[in-house]
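Secondary and tertiary structure notes
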Amino acid sequence: MITRRALTTLRRAPLHRALSSRASAVLSVLDLHSGRELPGVYDGEWGGSGEVLQSVCPTTGEVLARVNTASPAELERALERSREAYQVFRNVPAPKRGEILRQIREALAAKREALGALISLEMGKIRTEGVGEVQEFVDIADYAIGLSRMMNGRVVASERPGHSILEVPNPLGVVAVLSAFNFPVAVYGWNLALSLAAGNATLWKPAPTTPLCSIAVTKIVSSVLERNGIPGAVAGLVTGGKDVGVGVVESKLVDMVSFTGSEAVGRQVGETVQSRFGKVLLELGGNNAAVVMPDADLDMAVPSVFFGAVGTAGQRCTSTRRLYLHSSVVQAFLSRLESLYQSVRPGDPLDSATLLGPLHTRQAMDIYHNAIDRLQKSGAEILTGGAPYRDLAAPLDGGNFVMPTIAIPQEVNVKDPLWSTETFAPVLCVGVFDELEQAIEWNNGVPQGLSSSLWTRDIRNVGKWIGPAGSDAGIVNVNVGTSGAEIGAAFGGNKSTGWGRESGGDAWKQYVRWSACTLNFSDAAPLAQGVQFANTT
């Protein structure tokens, strides 16, 4: 048995294997020194004495750093400090909160390239996508700055003379954000920006495989809060595994939980939060379809489907996983798409020439292999891909690289797990239809309802697609791929995707508590609906 002293010595020991120059260059710019364990808890002070997480680079397999996570006592303290910070921050005028957001926006923009590189290093997405993800945080901060002066209620006409009714938004409380590995910065940004503008405290529990991204972002945000005399726990951080996540979700100190992840875990989160009458925002599975009509512009559609299916190695919630082709365009479309697939090569996501990075973990590779195995056993044709990359040169030989795959199952049966289950990997299943109504039925026939895309130049098709008998997804695009949303509209999906909405549009209304306030400025107190309740004898 390892003694407590030996365990402490082991935990304090530096990493034995020297970091690669590519990794150390990225980490040093963001002051993430990997020689010793990094604190993974922030509640106004940095700490962490719980289990040690390893951040592993999916491109090379090297350990980037070790992070001290939250112990049960530290989690409880972080929750309590979040509540205390909320009680201070709710009284800060909303435009002042907007000014703090402006400073956060500027601080993030100054580190955009460095943070983008860190996302590529730790998550595995290519450099341009990593930088684009940071830009999403910058953009939503811009949005929330203006929103801080526009989070308006409204005046409602009263039926009673001398009365007015106000609908008033006020800060909600503590918002917990449980984010996923695939967007380790942007999803938190969507939530934090709106939550801060609304006057809440936010506690971030990131994915256990991307702790460095969360630490780097929290350092940037906390420095702005400190300069403005705002309690650091307004934007707190607790890294850790399942136990930490469960503790956050179950806590009555948390008024709202925003969870991004799988349908299975999301169901548990929703049940737990609702059992204590908290608010919950769920962003869960996406099993997104692109539909290509005979009149589609293939010069636009083919590259968009390629990006939707292969971008981020198929690890976006909005990745294209189902492709429904009209029978008249099957040969032309697949010929061009297959050529693009065969042209892509795996590479270091930090290299600007790379289009295909690794899967995030070894477990993700297992998911890929299981999906390919099910397809092959069902008799599906594997048009291209269907295997991991082998014999890659060092250091890529230690990475999680798989071939993007196009499969043509023997039939389209949306009740079959081949079609109804989201595979979080670059696997695209193709089906053939003759009428748009059939494609819409297939699009809507799966449990998930996040994103969808129709390719056509016929306005009649557009009307069907976006209308009451059209796509039932939360994102219904025309001549735009399933992947790559902007921040201006609310982002989210329907059905088992969770019905949550984040980012733009009216999403901010979830981060406040609403009160209907009836004001009587008359000399009488009549009841509504003409009710009379007076003793007339």
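Considerations on the overall build of the protein chain
In terms of regular secondary structure, the protein chain is built from 16 helices and 24 strands. For a compact globule of 537 residues, the expected C-alpha radius of gyration is about 24 Å, and the protein chain comes in at 25 Å, within 12% of that figure. Projected onto its principal axes, the C-alpha positions of the protein chain cover 90 × 70 × 40 Å. Within the span of the protein chain, comprising 537 residues, buried residues form 55% of the whole. The contacts of the protein chain with a sequence gap of at least 6 include a subset with a gap of at least 24, amounting to 74%. In the structure as shown, the protein chain presents an accessible area of about 22,900 Å², 53% of it carried by carbon and sulfur atoms. Distance between charge centroids for the protein chain: 6 Å, based on 48 positive and 52 negative side chains.

A closer look at the packing of helix α4 (residues 94–110) against helix α8 (residues 211–227)
The contact between α4 and α8 brings their axes to 9 Å, and the two run at 140°. In terms of orientation, α4 lies oblique with respect to α8. Between α4 and α8 lies a crossing of right-handed hand. Of the residues in α8, those in contact with Ile-100, Gln-103, Ile-104, Ala-107 and Leu-108 of α4 are Ile-220, Val-221, Val-224, Leu-225 and Arg-227. By residue class, the composition of the contact of α4 with α8 is eight nonpolar, one polar and one charged.

Quick look at the pairing of strand β4 (residues 52–56)
On β4, burial follows the alternation: Leu-53 and Ser-55 on one face are buried, whereas Val-52, Gln-54 and Val-56 on the facing-out side are not. With five bridges joining them, β4 and strand β5 (residues 63–68) adopt antiparallel strand pairing. For Val-52, the partnering residue across the bridge sits in β5 and is Asn-68. Hairpin connection, β4 to β5: the antiparallel pair is bridged by six residues, and Gly-61 has positive phi, about 85°.

A look at unusual backbone geometry
For the bond running from Ala-394 to Pro-395, omega is 5°, close enough to zero to count as cis. Relative to the helices and strands, Pro-395 resides in the loop between β15 (381–384) and β16 (405–408). Located in the positive-phi region is Asp-31, a residue other than glycine, with phi close to 60°. In this structure, Asp-31 sits in the loop between α2 (21–29) and β1 (38–39). The partly exposed category is assigned to Asp-31, whose relative accessible area is 41%. Look at Phe-277: it is not a glycine, yet its phi comes out positive at around 60°.

Side note on the sheet that holds strand β9 (residues 201–205)
As summarised here, the arrangement of the seven strands in space is β3-β2-β10-β9-β8-β11-β12, forming an open sheet in which the pairing is mixed. Two strands bound the open sheet, and with one partner strand each, they are β3 (46–47) and β12 (279–283). The pairing of strand β8 (residues 174–178) with strand β11 (residues 256–260) spans four bridges and is parallel. Across the sheet, the residue bridging to Ala-176 is Val-257, located in β11. Contacts between helix α7 (residues 186–198) and the sheet are confined to β8, β9, β10 (235–238) and β11, with β9 contributing the most and set at about 165° to the helix.

Details of a nonpolar patch on the surface
Residues Leu-527, Val-531 and Phe-533 make up a contiguous nonpolar surface patch of about 350 Å² in total accessible area. Considering the arrangement of structural elements, one finds Val-531 in the segment after β24 (512–520). The partly exposed category is assigned to Val-531, whose relative accessible area is 43%.

Digging into the packing of helix α15 (residues 436–444) against helix α16 (residues 459–466)
It is the contact of α15 with α16, at a shortest axis distance of 11 Å, that shows an interaxial angle of 30°. Judged by the angle between their axes, α15 and α16 are roughly parallel. Seen along the crossing, α15 lies across α16 with a hand that is right-handed. Contact residues: α15 offers Leu-436, Glu-437, Ile-440 and Asn-443, while α16 offers Asn-461, Lys-464 and Trp-465.

Considering the nonpolar core
Of all hydrophobic cores here, the largest spans 76 residues; its most connected members are Leu-32, Leu-118, Leu-121 and Leu-212. With ten residues, the single largest contributor to this core is α7. Apart from residues no more than four positions distant in its own chain, Leu-118 is found in contact with Val-26, Leu-27, Leu-30, Leu-32, Met-123, Leu-212, Cys-213 and Ala-216. Core analysis: the second largest hydrophobic core is formed by 55 residues, Ala-380, Ala-439, Ile-440 and Val-446 among them.

Remarks on the sheet that holds β16
In spatial order, the strands read β15-β16-β17-β14-β13-β19-β20; together these seven strands make up an open sheet with mixed pairing. The sheet terminates laterally at β15 and β20 (475–478), the two strands that pair on one side only. Between one strand and the next, the sheet's axes are offset by a mean angle of 25°, whatever the strand orientation. Summarising the sheet, β16 and strand β17 (residues 427–433) pair through three bridges and their orientation is parallel. Along β17, the bridge assignment pairs Ala-407 with Cys-429. Of the strands in this sheet, β15, β16 and β17 touch helix α13 (residues 362–377), which is tilted by about 35° from β17.

Quick look at the packing of aromatic side chains
Taken as a whole and assessed by the stated rule, the structure comprises nine aromatic pairs. Ring geometry for Tyr-42 versus Trp-46: centroids 5.0 Å apart, planes at 45°, classification tilted. Judged by relative accessible area, which is 1%, Tyr-42 ranks as buried. When its relative accessible area of 31% is taken as the criterion, Trp-46 is described as partly exposed. Here the aromatic cluster, defined as three or more aromatic residues joined through ring pairs, consists of Phe-137, Tyr-188 and Trp-204. Stacked on the ring of Phe-183, the Lys or Arg Lys-125 has its end atom at 3.5 Å from the ring centre.

A few points about the side chain of Glu-62
By the secondary structure assignment, Glu-62 is in the loop between β4 and β5. Among all residues touching Glu-62, those that are not within four sequence positions of it are Leu-19, Ser-20, Arg-22, Ala-23, Ser-55, Val-56 and Cys-57.

Re α13
Every α-helix carries 3.6 residues per turn, so stepping three or four residues along brings you back to the same face. Compared with an ideal rise of 1.5 Å per residue, which puts 16 residues at 22 Å, α13 spans 23 Å between its outermost C-alpha atoms and is within 8% of the ideal. Within the sequence span of α13, burial applies to Ala-364, Met-365, Tyr-368, Ala-371, Ile-372 and Leu-375. Projected down its long axis, α13 carries its buried residues within an arc of 125°, all on one side. In α13, those exposed residues whose orientation departs by more than 90 degrees from the buried face are Gln-363 and Lys-377. Against β15, β16, α14 (417–420) and β17 lie the buried residues of α13. Two residues or fewer past α13, Gly-379 is found with a positive phi of approximately 90°.

Rules and cut-offs
- Residues numbered from 1 in each chain as written.
- Predicted model: local features only at pLDDT ≥ 70, side-chain atom pairs only at ≥ 80, totals over all residues.
- Heavy atoms only, no water.
- Helix = DSSP H or I, 4+ residues; strand = E, 2+ residues; numbered from the N terminus.
- Rg over C-alpha atoms; globule rule 2.2 N^0.38 Å.
- Buried < 20%, exposed > 50% of the residue type's maximum accessible area, 1.4 Å probe, protein only.
- Contact = heavy atoms within 4.5 Å.
- Areas by Shrake-Rupley, 256 points an atom, 1.4 Å probe, with all protein chains shown as cover.
- Lys, Arg positive; Asp, Glu negative; His and termini not counted.
- Charge placed at Lys NZ, Arg CZ, Asp CG, Glu CD.
- Axes fitted to C-alpha atoms, helices over the stretch in contact; angles between N-to-C directions.
- Parallel < 35°, antiparallel > 145°, perpendicular 65-115°, else oblique.
- Left-handed = near helix turned anticlockwise from the far one by under 90°.
- Nonpolar A, V, L, I, M, F, W, Y, C, P; charged D, E, K, R; others polar.
- Pairing = 2+ DSSP bridges.
- Patch = residues over 30% accessible without salt bridge, like charges linked within 9 Å, V, L, I, M, F, W, Y side chains within 5 Å.
- Salt bridge = Lys/Arg side-chain N within 4 Å of Asp/Glu carboxyl O.
- Core = buried A, V, L, I, M, F, W, Y, C linked by side-chain atoms within 4.5 Å.
- Phe/Tyr/Trp six-rings, centres within 6.5 Å; stacked < 30°, edge-to-face > 60°.
- Lys NZ or Arg CZ within 6 Å of the ring centre and 35° of its normal.
- Expected span 1.5 Å × (residues − 1).
- Arc of directions from axis to C-beta.

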